[in-house]
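Listed below are the residues making up each chain.
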Amino acid sequence: MLNLQFFLQCQYQEESLKKKSKGRACKNTGSYLVSRMAERPPRRPRVAWEARAPQESSSPLKPYEVCMVQPLQTDGSWLAVCEKESVRCIQAFLKSTEKDEAQKMRFLQSIRTLCRATRHKGLSQGLDVFCPRDELAENIRALLQEEPRDHLRTAVRQQAMLAIAALSSAEAVPEGQTIPLLDACFSSVFCLPPKEDMQGLDTSLYHKTLHAMDTMLQTVVLGSPASSLSKELQSILQMLLTFTKSPSAAVRERAVGRIGTLSYLLASYSSLEAWCPFGREDDSPACHGGIHIPILGELLGRLILLSFCKDKETSRAALHALHHLFRFLQQQRCSAWPEDNLQHQRVWGAASTSCRSLPSTSATTKVFGKYLQPLERTDIILTAIEAMTDASISDKEGASSMLDEAMKDPNSWLTDVPKIMSGIHGNLEHIRVAPARHSVDSLLLLLTNRCPREVVKSLLKCSPPVDSAALAMWEVMFSRLQPLEKVLRELRIELRNQRMRRLFSTVLEDTCILQLTLLAASDVRAKEFAATYNLWRSLRHQSLEMLSLVLQGLVTLSQRPETARKMRVLLEDIVETLESGNEDIQMKALLVFRNMLGHMRRQEASPIALQLAEKLLPLFNHESSQLREFSLRLFREVMQKVAWRHKRQMRKNVRQGLLPLFFHLSDQSQSVAKASGEALLAAAELLKWKQLRHLLQTQQTWRIGECLVVQDRSRAEEYCHQSLPHLKDAQATVREAAVRFIGLAARPLRDQSPEKLAEICRALKALEKDVEPSVCSLASQTVLILRQLIPQHTLAAVVFDKFSPRPGFPPKVAVFDHNLSTVAGFSLGGQRAKGKWQPPKEAGLPGELPDALPFQQPLAAQPTLTWAQGTKRHPRSAKLASLHASRCSEVATSCVLWAGTALPGTQFHVEGLKPKGGASCPATSAQ
């Protein structure tokens, strides 16, 4: 093993050489250990041998003189007894396959003992002789990963982190292994359950474990070379920031606490010069500059948000970290102030408590913003935007307040437009909270007003340029007139300079945007725009996404009277968009019409109003309450815009809308019900129905249904037919109103259309199983009343065996009404055997009739069904099947009973024809 006396002599010679020649190297030949020591001299060699070394070297080595060393043997004679035991313990542990808790503890403690000895004697490079450092690091990390994540019952985590601290202080952590080791520590400790959820937790052990982590972090940071200190801090803080985004409050609190530990170090040693007593290289060029942490902006933004979170422990830890970081910024960026300056002392005293007494995130953001660089302010903005999508930040209003504060001073905060645009694009679709989305939209509009060219260029660079997030951003910019005009000017320039390069996905989309820019341009007249648009009609061929974007632009541009008049050429295509079925597109189209009608005189608006009134009727029953309300309000405006020459046609359209308007007086949305009442009042005035107007003005809504029936009895059947779709409305209140009205409107149908009454009864019968009890009860009562109005009928059934010219096929049953018109027909089923039909054993039961269909159902669904509706010929000459007479009667009776369900309250009669054997089928009647 290494000879201690010779080793100390080499150390003495190297120290003397460093003093006199300031950095001359001594090349060694010999053993591997001596060469390693020559490459990197000990950090503080005086600690090991200063008391025994002479003051000067009697014969200093010349530069680059080679020290010839005899081969050395590593017998460990220079180690103490306890240190030799530590070496044996480490080597035994590394060779062992099964390791219990006691072995793990001895292994970790042995590492600390050996590191302490090598550091004290200045022999840190000699640790590899006994235990390879790579293997030590791997084993420590493995021990941390093996620890259970659901409880803390041993000190293995604590000892592992202290061992890492010992390796770091002895410069024995292999290159590139520090971050993986720290990550293993963070994962093992942070991901433990909350303290109150860990059964049998030793609180003292828990706090000792966290204290060991703080000690480890301090040792790792203080042991970093000055030239790589900023990079080391950046990496550690980046890992800790990741854990602050955890959905677990306990994980966030532990991570923020460790950030506080590092923040305290920064506040205590704010420049690299202050770190020199801890072993930094004095001659490093980086020693004369401040500590630079690129992640500082993101770190501050995250801590500001967490300082106002609901979890008190996390909030307290974040406030402590902010306090230390504020001191760090004060010291580093106000270093020009002398320490004895009274003004500096006053500021420093106020700063020491400012972060703990600030009332809101906006106030905290404002205080820190004074000391930050533009890049750091941008990172705070991006952090706030990202926090709006983060589940770990429950209070999204704090992030909104940070953006609002930044927008108050755009010259200082909004300096990096492309980076902010990229941040908005990456997070916009995931922002679900309305106030947060409003703040981001406001930020985007402010950027557009200030820097339209940079905004447009940044958004066009997105890949693809019209993905859902980009389209959402375009729509925001298209939603305000001033930003839209600026954006369209920039887009017009880009389209002129594109040189065969598409700005959007297709040429048609580029053309559509170009036509929008022409519409907004003041130098393009209405005739010129109309000619250009008619050439392409680009609105007809757009995707729904691009159509929505263009309509948003039209909504905004139609706010200007001169532009609204130029848009008349678009009316036909905009009307067609109302049938798209897309709620967003339909709403924007209605907004365009409202704006256009508002800028037109009655004579200009009348033909548009007449065309629009008919298209609005289907929207009254839309599932969206917002669209229902807006269409009802627009319908009222349309009725008031019509000129006298179009009033007759308008009255026809209005009559078609009376029932929907009446039913939506019972809409669950109060705003929709109010809009419906206002529209119905305008309809009464247009139709000049004084009683209806009086009932609406006096709010006697329960009498309006009867008023509609009495006002026009000839439309009773039409009213009933128009009411049936409302029986399936999603709102129970509307379904109930429709049932009540049908009970009134169906009474005049007693002598006019009994078939229509039967159809209405079937529709009402389905509501007897409605989820709303009031609807069920009202439907049952209405069915009982209407059945009494239906006239009685007689049905007859006859069994045939010759409906098909081919013998041996199953017989048929025909059911006739009193007019000898076929109501329904059935195939009796069964099978063929030796050319003859064999009837089924259990034929004739109502629930088992094969191929049965109700009256007036399509024939294509059951090809075996025979129909003769409207035929006046009585099938007297038909032959019966070779069945027993009683069997024929059972089958026919069952068929009549089944067919009778289509006409409630019907009398039945079964006729049997005389079979071949002479027996006859008895006549049977059933009620």
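Residues numbered from 1 in each chain as written. Predicted model: local features only at pLDDT ≥ 70, side-chain atom pairs only at ≥ 80, totals over all residues. Heavy atoms only, no water.

1. Regarding the overall build of the protein chain
From N to C terminus, the protein chain includes 42 helices and nine strands. Across the 927 residues in the protein chain, those meeting the buried criterion constitute 52%. If you take every contact in the protein chain between residues at least 6 apart in sequence, the share linking residues at least 24 apart comes to 70%. In the form shown here, the protein chain has an accessible surface area of approximately 45,000 Å², with 50% of it arising from carbon and sulfur atoms. (Helix = DSSP H or I, 4+ residues; strand = E, 2+ residues; numbered from the N terminus. Buried < 20%, exposed > 50% of the residue type's maximum accessible area, 1.4 Å probe, protein only. Contact = heavy atoms within 4.5 Å. Areas by Shrake-Rupley, 256 points an atom, 1.4 Å probe, with all protein chains shown as cover.)

2. A closer look at the packing of helix α12 (residues 249-268) against helix α15 (residues 312-333)
For the pair α12 and α15, the least separation of the axes is 8 Å and the interaxial angle reads 20 degrees. With respect to α15, the axis of α12 lies roughly parallel. In this structure, the crossing between α12 and α15 has a hand that is left-handed. Residues A249, R252, E253, V256, G257, I259, G260, S263, Y264, L266 and A267 of α12 touch α15, and the partners they reach there are E313, T314, A317, A318, A321, H324, L325, R327, F328 and Q331. (Axes fitted to C-alpha atoms, helices over the stretch in contact; angles between N-to-C directions. Parallel < 35°, antiparallel > 145°, perpendicular 65-115°, else oblique. Left-handed = near helix turned anticlockwise from the far one by under 90°.)

3. Some points on the packing of helix α24 (residues 468-478) against helix α25 (residues 481-496)
Between α24 and α25, the shortest axis-to-axis distance is 7 Å and the interhelical angle comes to 120 degrees. What the angle tells us is that α24 and α25 run oblique. Here α24 contributes W474, M477 and F478 to the contact with α25, which in turn contributes P483, L484, V487, L488 and L491. Its residues assigned to classes, the contact of α24 with α25 comprises eight nonpolar, no polar and no charged. (Nonpolar A, V, L, I, M, F, W, Y, C, P; charged D, E, K, R; others polar.)

4. Some thoughts on the packing of aromatic side chains
Scanning the model with the defined rule gives 14 aromatic pairs in all. Between F662 and F663 the ring centres are 5.6 Å apart and the planes differ by 45 degrees, which places this aromatic pair in the tilted class. Residues F662 and F663 agree in their burial class; the two are buried. Through successive ring pairs, a cluster of aromatic residues spans F662, F663, Y719 and F741. Against the face of F93 rests K99, its NZ or CZ located 4.4 Å from the ring centre. (Phe/Tyr/Trp six-rings, centres within 6.5 Å; stacked < 30°, edge-to-face > 60°. Lys NZ or Arg CZ within 6 Å of the ring centre and 35° of its normal.)

5. Concerning helix α37 (residues 704-711)
For α37, the complete set of buried residues consists of I704, G705, C707, L708 and V709. Elements that come into contact with the buried residues of α37 comprise α34 (647-663), α35 (670-687), α36 (690-697), α38 (716-723) and α39 (732-745).

6. So, the nonpolar core
In a soluble, globular protein the nonpolar side chains are often hidden away together inside. One finds I140, W474 and L554 to be the most contacted residues of the largest nonpolar core, which totals 238 residues. Not counting residues within four places of it along the chain, the set of residues in contact with L554 comprises L516, L519, L539, M567, L570, I574 and V592. (Core = buried A, V, L, I, M, F, W, Y, C linked by side-chain atoms within 4.5 Å.)

7. Some thoughts on the confidence of the model for the protein chain
In this model, the protein chain carries an average pLDDT of 76, and 69% of its residues clear a pLDDT of 70 or more. Predicted confidence is poor over residues 800-806, with pLDDT under 50, and the contacts of this stretch with residues over four places away or in other chains come to 16 contacts. Across residues 817-823 the pLDDT falls below 50, and counting only partners more than four positions away or on other chains, this stretch makes 23 contacts in the model. (pLDDT = per-residue confidence, 0-100.)

8. So, the pattern of salt bridges
All chains considered together, the criterion is met by 28 salt bridges. A salt bridge links K615 to E579; the nearest nitrogen and oxygen atoms lie 2.7 Å apart. You can see K615 sitting in helix α32 (residues 602-616) and its partner E579 sitting in the loop between α30 (571-577) and α31 (583-598), a full 36 residues away along the chain. According to the relative accessible area criterion, K615 is partly exposed, its value standing at 29%. Between R601 and E604 there is a salt bridge, with the nearest N and O atoms lying 3.7 Å from each other. (Salt bridge = Lys/Arg side-chain N within 4 Å of Asp/Glu carboxyl O.)

9. Overview of unusual backbone geometry
Unlike most non-glycine residues, K688 shows phi in positive territory, near 60 degrees. Of note, the phi angle at Q699 is positive, near 60 degrees, even though the residue is not glycine. With respect to the secondary-structure elements, Q699 resides in the loop between α36 and α37.

10. Regarding empty space enclosed by the protein
A full pass over the atoms with the stated rule returns eight cavities of 30 Å³ or more. Lining the second largest cavity, in full, are C512, Q515, L516, L519, F529, Y533, S538, L539, V550, L554 and L570. Listed by contribution, the elements that provide at least two residues to the lining of the second largest cavity are α26 (507-520), α27 (526-536) and α28 (544-557). Here the element with the most residues in the lining of the second largest cavity is α26; it accounts for four residues. Here the residues of the lining of the second largest cavity sort into nine nonpolar, two polar and no charged. (1 Å grid on protein atoms, 1.4 Å probe; cavity = no way out; pocket = protein on both sides within 12 Å on 5 of 7 lines; lining within 4 Å. Points joined across faces, edges and corners; volume = space filled by probe spheres on them.)

11. What about the side chain of Q158?
Assignment of secondary structure puts Q158 in helix α8 (residues 156-169). Leaving out residues up to four positions away in the same chain, Q158 has contacts with L205, K208, T209 and A212.

12. Looking at the side chain of R735
Position of R735 among the secondary structure elements: in helix α39. In this structure R735 comes out as buried when scored by relative accessible area, which is 8%. Here D729 takes part through its backbone oxygen, which lies 2.8 Å from a polar atom of the side chain of R735. If we skip the residues at most four places from it in the chain, R735 touches H726, L727, K728, D729, A730, L767, D770, V771, E772 and V775. (Polar contact = N/O pair within 3.5 Å; in protein donor to acceptor, adjacent residues only side chain to side chain.)

13. Describing helix α33 (residues 625-641)
Here α33 is 17 residues long and its end C-alpha atoms lie 24 Å apart, about the 24 Å a rise of 1.5 Å per residue gives. When α33 is considered as a whole, its buried residues turn out to be L627, R628, F630, S631, L632, L634, F635, V638 and M639. Packing partners of the buried residues in α33 comprise α31, α32, α34 and α35. (Expected span 1.5 Å × (residues − 1).)

14. Comments concerning the environment of Q330
Here Q330 lies in helix α15. The exposure class assigned to Q330 is buried, which follows from its relative accessible area of 1%. Along the chain, Q330 and F368 lie 38 residues apart, while their C-alpha atoms are 9.8 Å from each other.

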